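Survey of secondary and tertiary structure
What follows is each chain in one-letter form.
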Amino acid sequence: MTIPNLHLGDYVADGVDWIKDSFEPLLDGISTGLAALVDGISGLLLAPPPLVVVALFTLLALLLRSWTFAAVTLVGTLLVVSMELWEPAMETLALVLVAAVIALVIAIPLGILAARSDGFSAVVRPVMDFMQTMPAFVYLVPVVIFFGIGVAPGVCATIIFALPPGVRLTELAIRQVDRETVEAGEAFGGTGRQILGGIQLPLGLPTIMAGVNQVIMLALSMAVVAGMVGAGGLGAEVVGAISRVDVALGFEAGLAVVILAIYLDRLTGAIGQSTGRSLLAVLRRRRRVAPAL
Amino acid sequence: MLEEGADRAKLRKEGLTAAVIDATFDVAPGEIFVVMGLSGSGKSTLIRTVNGLLEPTAGSISIDRQDVTHLSRAGLREVRRTKVSMVFQHFALLPHRTVGENAAYPLQLRGVNRVEREQRAEEALGMVGLAGWGGSLPSELSGGMRQRVGLARALAAGTDVLLMDEAFSALDPLIRKEMQDQLLELQSELGKTILFITHDLNEAMRLGDRIAMMRDGRIVQVGTAEQILNEPANDYVAQFVADVDRSRVLTAGAVMERPAAVIGVEQGPKAAHKLMREHQVPALLVTGRNRTLAGVVWEDDVADAVKKGAEKLPLSDEGAIRVTPDTPLIELFGDAASSRAPLAVVDDNGRLQGVIPRVTLLSALSVPDGADGTAGADGAESAAAALVATGDGGTVLDTAGAN
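Residues numbered from 1 in each chain as written. Chains lettered and ligands numbered in written order. Predicted model: local features only at pLDDT ≥ 70, side-chain atom pairs only at ≥ 80, totals over all residues.

Some remarks on the overall build of chain A
To keep things clear, this is the line we draw: Secondary structure elements are defined from DSSP: runs of H or I of at least 4 residues count as helices, runs of E of at least 2 residues count as strands, and each element is numbered from the N terminus. Residues with at least 20 neighbouring C-beta atoms inside 10 Å of their own are called buried, those with 12 or fewer are called exposed, and the rest are partly exposed, where every C-beta is derived from the backbone. With C-beta atoms placed from the backbone, a contact is any residue pair whose C-beta atoms sit within 7 Å.
Tallying secondary structure elements over chain A gives 13 helices and zero strands in all. Mapped in sequence order, the helices and strands of chain A form the string α-α-α-α-α-α-α-α-α-α-α-α-α. Reported as C-alpha extents along the three principal axes, the dimensions of chain A are approximately 80 × 55 × 40 Å. Burial statistics for chain A: of 293 residues in total, 40% are counted as buried. Considering only contacts in chain A between residues 6 or more positions apart, those separated by 24 or more positions represent 75%.

The structure is reproduced here in structure tokens:
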């Protein structure tokens, strides 16, 4: 007895070709738009002298988290500058920001819908599982067919890869809001929108921010992989280091990625869960205490 | 299935739970109506059907003569905004908003402008004794204070009907008592229609003008605290009330006896002597015109007066101890101990309503006969039958019918 060979991949390839043929102008438009967006942001980050941007990053760290984090940021970013990896690092940051923002714009509403409808949740969950467990490199093939080589396929692959935790954690955030508090909103005659905006989102914010944090982290890891399809930035450096077996460059590029990752992680983490030691928190406390004195 | 006569246990085998079955009751305007039952008796479900958080499968609920069971979403919102507000067991405050913003929350949902809603929130906070706390965050407040905010929020909404779902159950006993006192005080000023859910019988007896006892989704008895104590509808209620501190629930008016050993002030000592011998009592209450209490005469004095041939009754200087009908029994013991004469229950005009001899006072504290015996079983059946007969398969709550 033989089991018939099922060439599922062929169907997917046919589908990809069909999409490519039918939506060529649209795909080209998306490609140009994404490339322009990433180039614009990286241009903005690279326009001033690196030290100015380093100072800005340090200030942001101080405002949102703490003095120690600001010091770590200063040392880390200066290290990136001194390794002569500032330019690719900013390109990668631009790609991560664009991909993460688009992923969140898609993920948060999907998460809200999933939290409100069990049916929708049941449909979305396996799709998210599929997206998350599929090896990241596999996404690179169809996006290259759609968008060619460059930034756009990198952004697209990154969005797909980084999306699931955004949806999952938004759904969780809203579902775990205390039932009685939501009931209170209903009992006083709140509309669905008022309850969402006034109770569920603010109370779920820490969890949603954990999702945002995860999305950014995944986007960063994928942005490096996207170097293989010509997305530039640190990914290109890493890919170059692999092809030339250049241990020194590989280590430096890798270290720059780690520094970016730590910075983004701690910064977004601080937005979700205030440490109370940030400059903003200190100023806010002073302002509250001042009238009492 | 319920309509075919199945009970809760039978339904449970099918994997279903009937939370509330055939609950029929009216709540009068200005009344505190307490629904009392243990956890799982369906009382929380019951209160949630009243403001439409849950929809009953059968029956109807009317508030202010308006049927709220079959309203559209918008209609239901309107009812919740203007007629019914709710106080929650775990306060359900918004932790990211200040106390003032929390109290103003119902008004904000309604679209009231900032100035007015802040003013009304401040008023409501003042009513519950939290004036000046508007700028604090709920996390900075103690449990009792948080529930005051919950109460202020419901008051700021300005609705006639207040639903209180185990509102004080999460508080420490001392704080709980304080909150009960405050609720009663507020109620005497505001006269809201309150549906109060609790599993604490003492709380039910303290607060409730009337009490509905729930068990397994059905209401087994509705009545005043005294009716439930003295005429429990079945064994379940009787067992339940067995541990109640009767001296705090029962009032003088509920236990007083018809004043038999009473004599008119115009009568002579001989008549008094005869009456004392007839009733075997050492003292008589003396009433004047319109049955107003004039005083008390003692056996020894009367005997002296008869010997001397006096015309008038020898009224004692000691006088009779007067109590009002709504005095709880616990406050009568001191008086009863200090006087051998029966306590005189008088109304606001000084008219004698009844007497409480010491024996009556003591026997009132014992559980009534039949309540814990077999005799109660018959009563239970008939009462339950009467309830099912009046129920039309659902809940009827006329919270403001007389308005």
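Don't stop here, the text continues.
Overview of the interface of chain A and chain B
Rule in force here: Each residue gets one label: Ala, Val, Leu, Ile, Met, Phe, Trp, Tyr, Cys and Pro are nonpolar, Asp, Glu, Lys and Arg are charged, and the others, such as Gly, are polar.
With 13 residues of chain A at the interface, the matching set in chain B holds 17 residues. Those elements giving two or more residues to the side of chain A that touches chain B turn out to be helix H9 (179–187) and helix H10 (192–225) of chain A. It is H9(A) that provides the largest number of residues to the side of chain A that touches chain B, a total of six residues. Residues of the side of chain A that touches chain B, tallied by class, amount to five nonpolar, five polar and three charged.

Focus on unusual backbone geometry
Residues and elements named next belong to chain B. Although it is not a glycine, Asp64 sits at a positive phi angle of roughly 55°. Exposure remark for Asp64: the 18 C-beta atoms within 10 Å place this residue in the partly exposed category. Unlike most non-glycine residues, Glu166 shows phi in positive territory, near 50°. On the secondary structure map, Glu166 appears in the loop between strand E5 (161–165) and helix H8 (173–190). Its 20 C-beta neighbours within 10 Å are what place Glu166 among the buried residues.

Here we look at the sheet that holds strand E7 (residues 210–215) of chain B
Think of a sheet as strands paired side by side through backbone hydrogen bonds, with each pair either parallel or antiparallel. Residues and elements named next belong to chain B. Test applied: In this description, strands pair whenever DSSP reports at least two bridges between them. Convention adopted: a line fitted to C-alpha atoms gives each axis, helices being fitted over their contacting stretch, and angles between N-to-C directions are expressed from 0 to 180 degrees.
Spatially, E4-E5-E6-E1-E7-E8 is the arrangement adopted by the six strands of the open sheet, whose pairing is mixed. Either end of the sheet is taken by a strand with one partner, and the two such strands are strand E4 (84–87) and strand E8 (218–223). Sheet twist, expressed as the average angle between the axes of neighbouring strands with direction ignored, equals 20°. As judged from the five bridges shared by E5 and strand E6 (residues 193–198), these two strands associate in the parallel manner. Along E6, the bridge assignment pairs Asp165 with Ile197.

Considering the UniProt feature "transmembrane region" (unreviewed entry) in chain A
Residue and element names in this part refer to chain A. Put simply, the test is: UniProt positions are given in the numbering used here, feature names are shortened, and annotations may be inferred rather than shown by experiment.
The UniProt record annotates "transmembrane region" (unreviewed entry) at residues 51–81, 93–116, 136–163, 215–235 and 247–264. Regarding residues 51–81, the helix share stands at 94% and the strand share at 0%, and the terminal C-alpha atoms are separated by 8 Å. With 89% helix and 0% strand, residues 136–163 has its two end C-alpha atoms placed 12 Å apart.

Remarks on the packing of helix H7 (residues 143–156) of chain B against H8(B)
Residues and elements named next belong to chain B. As a reminder, the rule being used: Working rule for angles: under 35 degrees goes down as roughly parallel, over 145 as roughly antiparallel, 65 to 115 as roughly perpendicular, anything else as oblique. Working rule for handedness: look at the near helix, and if it is turned counterclockwise from the far one by less than a right angle, call the crossing left-handed; if clockwise, right-handed.
Packing of H7 against H8 brings their axes to within 10 Å, and their N-to-C directions diverge by 30°. Regarding the angle of H7 to H8, the classification is roughly parallel. Considering the relative orientation of H7 and H8, their crossing is right-handed. Where H7 approaches H8, its residues Gly143, Gly144 and Gln147 are matched on the opposing element by Ile175, Glu178 and Met179. The residue makeup of the contact of H7 with H8, split by class, is two nonpolar, three polar and one charged.

Quick notes on the packing of helix H2 (residues 24–46) of chain A against helix H5 (residues 86–116) of chain A
Residue and element names in this part refer to chain A. Packing of H2 against H5 brings their axes to within 8 Å, and their N-to-C directions diverge by 135°. The pairing of H2 with H5 is recorded here as oblique in orientation. At the point where H2 passes H5, the crossing takes the right-handed sense. Taking contact as the criterion, the partners of Leu34, Leu37, Val38, Ile41, Ser42, Leu45 and Leu46 in H2 are, on H5, Glu87, Met90, Glu91, Leu93, Ala94, Leu95, Leu97 and Val98. Class assignment of the residues belonging to the contact of H2 with H5 gives a composition of twelve nonpolar, one polar and two charged.

What about helix H8 (residues 151–175) of chain A?
Quick note on the threshold: Helices are assigned an expected span. That span is 1.5 Å times one less than the residue count.
Given a rise of 1.5 Å per residue, 25 residues ought to cover 36 Å, and the 36 Å separating the end C-alpha atoms of H8(A) matches this to within 8%. Of all 25 residues in H8(A), 23 are buried; the element is thus mostly enclosed.

A short note on helix H2 (residues 43–50) of chain B
Residue and element names in this part refer to chain B. Summarising burial for H2: seven of the eight residues are buried, a large majority. By the burial criterion, the buried members of H2 are Lys43, Ser44, Leu46, Ile47, Arg48, Thr49 and Val50. The elements touched by buried residues of H2 are strand E1 (32–36), E4, E5, E6 and E7. Positive phi shows up at Gly52, right after H2, with a value of about 80°.

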